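So you can see what is in the structure, the chains are spelled out below.
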Amino acid sequence: MHPREFDPRQFPRGARYHFDLEFDGGGTSLQVPVLLFRGAREGKTLVVTAGVHGDEYEGVRTLLEVSRELDPAAMSGDALLVPVVNPPAFWNGTRTSPLDGQNLARTFPCRPGGTASDPLPYWLDQAIFP
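Residues numbered from 1 in each chain as written. Predicted model: local features only at pLDDT ≥ 70, side-chain atom pairs only at ≥ 80, totals over all residues. Heavy atoms only, no water.

Q: Could you give an account of the layout of surface pockets, with specific residues and numbers?
A: By volume, the largest pocket amounts to about 210 Å³. Around the largest pocket, the lining is made up of 13 residues, and of these Asp-7, Pro-8, Arg-9, Ala-127 and Pro-130 lie nearest the centre. Considering every element that reaches the lining of the largest pocket, the biggest residue donor is helix H3 (residues 119–128), with three residues. Here the residues of the lining of the largest pocket sort into seven nonpolar, two polar and four charged. (1 Å grid on protein atoms, 1.4 Å probe; cavity = no way out; pocket = protein on both sides within 12 Å on 5 of 7 lines; lining within 4 Å. Points joined across faces, edges and corners; volume = space filled by probe spheres on them. Helix = DSSP H or I, 4+ residues; strand = E, 2+ residues; numbered from the N terminus. Nonpolar A, V, L, I, M, F, W, Y, C, P; charged D, E, K, R; others polar.)

Have a look at this one:
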């Protein structure tokens, strides 16, 4: 799903969803995993991200463990988890992206064009954080 098409309200309440946001990163196809837990009842939305640096696994593991414990049928509100914000760095096991050498933590909020890392924070800002 392209980030432009993502709206958590399009998903029925009381269920969990797993999908990838897919977009172009400087000529490279990027896929960012998203876990959405739509609570059975209305409420606030908690957004949690991890994996900005590919060599920091603690947050990624924590989000995956927490996701196994969440029960949307018992929840009010939603939880929107992005366990790996920077897949190229994560799969390479490095702090910076192997595609362009950028440290993603230093690129926010950025823009949709540019190098491979530039669209990542842009689309998070446009699709996930609102």
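From this point, things continue past the structure.
Q: I'd love a proper account of the packing of aromatic side chains, names of residues and values included.
A: Enumeration according to the criterion identifies seven aromatic pairs in this entry. Between the aromatic rings of Phe-90 and Trp-91, the centroid separation amounts to 5.0 Å while the plane-to-plane angle is 80 degrees, which identifies the pairing as edge-to-face. For Trp-91, a relative accessible area of 71% gives the class exposed. Each residue in the set Phe-6, Phe-11, Tyr-17 and Phe-19 is aromatic and connected to the rest through ring pairs, giving one cluster. (Phe/Tyr/Trp six-rings, centres within 6.5 Å; stacked < 30°, edge-to-face > 60°. Buried < 20%, exposed > 50% of the residue type's maximum accessible area, 1.4 Å probe, protein only.)

Q: Give a description of the pattern of salt bridges that names residues and reports values.
A: All chains considered together, the criterion is met by seven salt bridges. With its nearest N and O atoms 3.4 Å apart, the salt bridge here joins Arg-13 to Glu-42. Of this pair, Arg-13 sits in the segment before strand E1 (15–25) while Glu-42 sits in strand E3 (residues 41–49), placing them 29 residues apart in sequence. Overall, Arg-13 belongs to the partly exposed group, its relative accessible area being 26%. Classification of Glu-42 by relative accessible area gives exposed; the value is 64%. (Salt bridge = Lys/Arg side-chain N within 4 Å of Asp/Glu carboxyl O.)

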